[in-house]
Each structure stands twice: as structure tokens, then as C-alpha cells.
Amino acid sequence: MTDVMAILGDWVLPGSLICIMFSMGLSLTAQDFRVVFTNRKALAVGVASMLIIPPVIGVTMATLFAPSAALAVGFVLLATCPGGMLSNLFTDMAKGDLALSMSMTIIVSMIYILVVPFYAQFALVHFMGVEADVRVPLGAFVWQIFSITVLPAGAGFLLRHFRPSLALAMKGAVKLTGTIVLFTAFGFILVDQIPMLRDNFGSLLWITVAINVLTLAAVLVLCRFMNLSGSENTAVGVEHLIRQEGTAIYIAVTIIGSNEMSLPMIMNTPVALPITFVFVSLARRYISNRPSRKVLS
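Structural notes, computed from the coordinates.

Cut-off values and rules
- Residue numbers run consecutively from 1 along every chain, following the written order of its sequence.
- Local features are withheld for residues below a pLDDT of 70 in this predicted model, meaning they are given only at 70 or higher, and side-chain atom pairs are given and counted only at 80 or more; totals for whole chains, interfaces and linings count all residues.
- To get the side-chain values, take all heavy atoms of the structure and skip hydrogens and water.
- Here, a salt bridge means any side-chain nitrogen of Lys or Arg that lies within 4 Å of a carboxyl oxygen of Asp or Glu.
- Here a helix means four or more residues in a row that DSSP labels H or I, a strand means two or more in a row labelled E, and each is numbered from the N terminus.
- Burial status follows relative accessibility: with a 1.4 Å probe on protein chains alone, a residue under 20% of its type maximum counts as buried, one over 50% as exposed, and anything between as partly exposed.
- Residue types Ala, Val, Leu, Ile, Met, Phe, Trp, Tyr and Cys, when buried and joined through side-chain atoms within 4.5 Å, form a set referred to as a nonpolar core.
- In this description, contact between two residues means that some pair of their heavy atoms is separated by no more than 4.5 Å.
- A patch is a set of surface residues, each over 30% in relative accessible area and not in a salt bridge, joined within 9 Å for like charges and within 5 Å for the nonpolar side chains Val, Leu, Ile, Met, Phe, Trp and Tyr.
- A 1.4 Å probe and the Shrake-Rupley method give the accessible areas. Residues count as covered only by the protein chains that appear here.
- To define axes, lines are fitted to C-alpha atoms, for helices over the stretch in contact only, and angles between the resulting N-to-C directions are given on a 0 to 180 degree scale.
- For classification, angles of less than 35 degrees are called roughly parallel, those exceeding 145 degrees roughly antiparallel, those between 65 and 115 degrees roughly perpendicular, and all remaining angles oblique.
- Only Asp, Glu, Lys and Arg are considered charged, only Ala, Val, Leu, Ile, Met, Phe, Trp, Tyr, Cys and Pro nonpolar, and every remaining residue, Gly among them, polar.

1. Here's the deal with the pattern of salt bridges
This structure, assessed with the given rule, holds one salt bridge. One salt bridge in this structure joins D92 and K175, with 2.2 Å as the shortest N-O distance. Of this pair, D92 sits in helix α5 (residues 86-93) while K175 sits in helix α8 (residues 164-225), and the two are 83 residues apart along the sequence. Since its relative accessible area comes to 22%, D92 is described here as partly exposed. With relative accessibility at 21%, the residue K175 sits in the partly exposed group.

Here is the structure:
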């Protein structure tokens, strides 16, 4: 099983994500990004909310309810990590603003590189009284983000621009293949993590659910207040549900050296996905096609 998990982590997951991001690029045109950066309000609201709302909720829940100091730090690491690459896939499924989703993923990930040492340092000192030098390998982290998101999506975008008929013909098959492989790999990962999750299930489940539900509710209220369109609401909402848990697990296990600290991130994956599926279903039907409200003069 160890060899299978190594193959999944090193090859299958990255390969499936590259296929999915390439198919996302096949769906995009220059006009999509012009709209995002012309209407910079949605991008500013999305990025600002990612940097403020989940950390505030995560720190509050960790302080009040985490059963141990290590798990409290884990919840802070979970709440502060950026949106995951799957957010682009789910935004597309929910008929949300895909260009906005991809822009948020990239921008928040770049900011995260700079702020995660401070988040981790704060959590360790506040909850455990531990002084630690938390460093993220910037070069490797930046390359990981770009190689799995920007490069394949950019290749798909260029193919769509120069050979639109070929791009549209390929899009469905590429996306379907990547999605099937990805969720098959995800099933193997869940099976591998069942013993660890079973031992800590009760103490972690409700906190993780609460963080996701409270975050989504707060973000949707903010988007509504800021008069974003339905497709923008969907993109911002999905971005707050799908996280880059792998980065937070790396910090907890490899840099800090605590397997217990990684449990909130491990729990979040099976918790966040069902919530995301429900939100995607509702967004397709009720949210994404809704225009922004008219501002009365």
C-alpha cells in the first residue's frame, strides 16, 4: 500500500490535476480575464476575504474548542491555507466565474508564501508556547503551484486562442479523464487514512464542519453585501471551501514534526468535499445565473 500511495502522490494526482487544469484553460478566452480585471471589485473582495475570514474563524474555533494544543495549531494551519487547485474544477462545475477562480487561486497562493511563516509562528507560540523557525521552501512551492496550475492552464488557453475548434473538441475528454483519475486516487487516499481518522473522528468532525459552514456563510453574506454577481459569488464561495491541505500537512509533519497537528487537514478533505458538492448543486440551480443587484440612484 505504501508503494501505491507513493505512486499516487508523485505521479497520479499531479498528472490528473494537470489534465484538469489544461481542460480549464481550454474553456478560457482573453475576454474572460479582461472581465475579471475590468471588474476588479470581485477579485479584491475574494482575495481579501480569503486572507481575513477563514483565519479569524479558524483561530476562534481553535481557541475555544480544540481538544489539544497541537490540534489547535493544526486548525489554524488549515484555516490559513489558500484555496486548492480543485476549486477551479468545482467552480466550472457550478457554472461560476472560472477566470475569477483561477485568478484568486494564483494570487492568494503567492501571498500565502509570504504570510504562512507568521501564521505558523503565531499558532505555535500562542497555543504551545513553542518558538520555532517555520520556513517554506519558496522556490519549490512556487514551482509546484505554477507547474500544476499556470503552465497547463496557459497551454490550454493558448490552444483555445490559436486552434479554437481543436480546443473545444478536446475539452470534454481531457476533463473527464482527469476527473475520473483524480477521484479514483482520492478514494485510495481516504482508505489509507481511515485508521487515523477513526481514532480522532469525534473530536475533529464537528469543528471542521463548523469552520467550513461558518466560513461559507460569512463569505456569501459578504459577496451579497458587495453586490457581486451570481457567478462571482459561486467562484468566491468554492474558493473558501477547497483548500491546499497538502501544504499545511507539509508544514505540520515535515517542518514542525507533529503528525497529530496534521489531523485537521486530513479530516477536512472528506468533510469539505460533500459540503462543496451540495454548494455546487445549489449554485448551478439558484446562484450562478443571478445577476448583480441594480444599484438605485
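2. Focus: unusual backbone geometry
Its identity as a non-glycine residue notwithstanding, K95 has a phi of 60 degrees, on the positive side. Along the chain, K95 falls in the loop between α5 and α6 (98-128). Residue class for K95 comes out partly exposed when judged on its relative accessible area of 43%. Notably, N227 is not glycine yet its phi reads approximately 65 degrees, a positive angle. Since its relative accessible area comes to 16%, N227 is described here as buried.

3. What about the nonpolar core?
Counting residues in hydrophobic clusters, the biggest one holds 73 residues, and the most contacted among them are F75, L77 and L100. The element contributing the most residues to this core is α6, with twelve residues. Once residues within four sequence positions are removed from consideration, F75 is found in contact with A62, A66, L204, I207, T208, I211 and P264. F22, L26, A167 and V174 belong to the second-largest nonpolar core, a separate cluster that totals five residues.

4. What about a nonpolar patch on the surface?
Taken together, the side chains of L64, F65 and W206 make up a nonpolar region of the molecular surface, amounting to roughly 330 Å² of accessible area. Here L64 is to be found in helix α3 (residues 40-65).

5. A few points about the packing of helix α9 (residues 230-241) against helix α11 (residues 263-287)
The description of two helices packed together rests on the angle between their axes and the distance between the axes. Two elements in contact, α9 and α11, have axes whose closest approach is 10 Å; the angle formed by their N-to-C orientations is 175 degrees. The orientation of α9 relative to α11 falls into the category roughly antiparallel. Contacts between α9 and α11 involve G230, S231, N233, T234, G237, V238 and L241 on the former and, on the latter, N268, A272, I275, T276, F279, A283 and I287. Broken down by class, the residue content of the contact of α9 with α11 amounts to seven nonpolar, seven polar and no charged.

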